[in-house]
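Report on the structure
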Amino acid sequence: MATYPHNALVRFETIAVHATEPDSQTGAVAPPIHLATTFTRASDLSLTGDFQYAREGGPTHALLETALARLDGGDAALVFASGMAAGLALLEGLASGDRVIVPDDAYYGIRVASRDFLAKWGIATDVVDMGDLANLERALARPARLVWLETPSNPLLKIVDLAGAIALAKKAGAITVVDNTFATPALQRPLDLGADVTLQASTKYLGGHSDVMGGALVFARRDALFDRVEHARHILGAVASPFASWLVLRGLRTLALRMERHAQNATAVAAALAQHAGVAAVHYPGLASHPGHAIAAKQMSAFGGMLSFRVRGGRDAAIAVVSKAKLFVRATSLGCVESLIEHRATSEGAGSTAPPELIRLSIGIEHPDDLIADLEQALTK
Ligand SMILES: Cc1ncc(COP(=O)(O)O)c(C=O)c1O
């Protein structure tokens, strides 16, 4: 990994803007993209530089990994082709016979992966409602290798007390990974709370513009777990592309600013929806009525740009609202500058556990009044 030159810069916004430094060879202010798949050896067969073959990593990946580790306060990072590739590479670092505990509202891809793949690999998964840590403590009474945490969760925006859950897992000798995709390191810093690994679907807020797939793991320590996961990436091949890494690096530079605006807008939209007669419930941890509000306020510096809400009238009423949206873009995914609206059960498809009347919003950086006006017209019968 490249060393970060500005160790004196400590504040998140500054680190993010300076995620890459001017190229030392050319003076180019934006970083180069190294598309090379293979790297030379000298006549004595030693490698000329730090890299051998792009599936093992390369210069553009390394720039991004250095930036991500620094932003998250970790020791090392690995970048992958998608958020799922990152999560699965971590799980590939476990052994057959290991047991994993996942939250009941984990991102549906993780739930499907547990059902369709982990079981085949001999890894047992237990699903636990971690809103009450007593449930996690009970689940940890039997040996577990890894506790998967996701807060705020997708799509119900459930909150888990990170410090409490991490302490319980540590006591039980389990590794903790926090899927920090909704919050990003701009708003929530799980490694500072003792987590072992954070996961980012960089496809979302880190990239920020709906134009790059990527995933990342940041490790508190460059330890044996890191080595196993790096080996899995190298041999199983889920590495990020250089261009995707470059796009995420570009996204990082505006991450702090975008997250601030996403959170401000989501706060305004959540407040407006909570007042609306056509809305049965709003799931946003920034609302004082959210059951996880106090914990979210403790562990997040702002409440993020994601929210979901339940429409009165059930599935058909929710679908009618999504259909009528004009400014919100009807699409799945999240974390981009434009606001997105989806009927979550439709996006997840067969086997979805999303309530039929649930609409999920990814709040962008438009003017909040325009977003509220669009939702109000969509909710008008
Ligand atoms: C919370 C969360 N984690 C992980 C992922 C997986 O990311 P990707 O789609 O890049 O594989 C997603 C995707 O929506 C997500 O929302």
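Residues numbered from 1 in each chain as written. Predicted model: local features only at pLDDT ≥ 70, side-chain atom pairs only at ≥ 80, totals over all residues. Heavy atoms only, no water.

Position of T176 relative to the elements: it lies in strand 5 (residues 175-179). Note on T176: relative accessible area 1%, which makes it buried. If sequence neighbours within four positions are ignored, T176 has contacts with V147, L149, I166, A169, G194, A195, D196 and V197. (Helix = DSSP H or I, 4+ residues; strand = E, 2+ residues; numbered from the N terminus. Buried < 20%, exposed > 50% of the residue type's maximum accessible area, 1.4 Å probe, protein only. Contact = heavy atoms within 4.5 Å.)

Below, the discussion takes up the packing of helix 3 (residues 83-92) against helix 4 (residues 108-118). Put simply, helix 3 and helix 4 touch, their axes get as near as 11 Å, and they point 45 degrees apart. In terms of their interaxial angle, helix 3 and helix 4 are classed as oblique. Between helix 3 and helix 4 lies a crossing whose hand is right-handed. Along the contact surface, helix 3 presents M84, L88 and L91, while helix 4 presents G109, I110, A113 and L118. Residue composition of the contact of helix 3 with helix 4, grouped by class: six nonpolar, one polar and no charged. (Axes fitted to C-alpha atoms, helices over the stretch in contact; angles between N-to-C directions. Parallel < 35°, antiparallel > 145°, perpendicular 65-115°, else oblique. Left-handed = near helix turned anticlockwise from the far one by under 90°. Nonpolar A, V, L, I, M, F, W, Y, C, P; charged D, E, K, R; others polar.)

What follows deals with the pattern of salt bridges. Scanning the model with the defined rule gives 15 salt bridges in all. Salt-bridge contacts for R99 lead to D126; the nearest nitrogen and oxygen are separated by 2.6 Å. Highlighted residues: R99 in strand 2 (residues 99-103) and D126 in strand 3 (residues 124-128), separated in sequence by 27 residues. Judged by relative accessible area, which is 7%, R99 ranks as buried. When its relative accessible area of 24% is taken as the criterion, D126 is described as partly exposed. Linking R111 and E348 is a salt bridge whose minimum nitrogen-to-oxygen distance equals 3.9 Å. Of the two residues, R111 is situated in helix 4 and E348 in helix 13 (residues 344-348); the sequence distance between them amounts to 237 residues. The network of salt bridges with common partners includes R111, E342, R344, E348 and R360. (Salt bridge = Lys/Arg side-chain N within 4 Å of Asp/Glu carboxyl O.)

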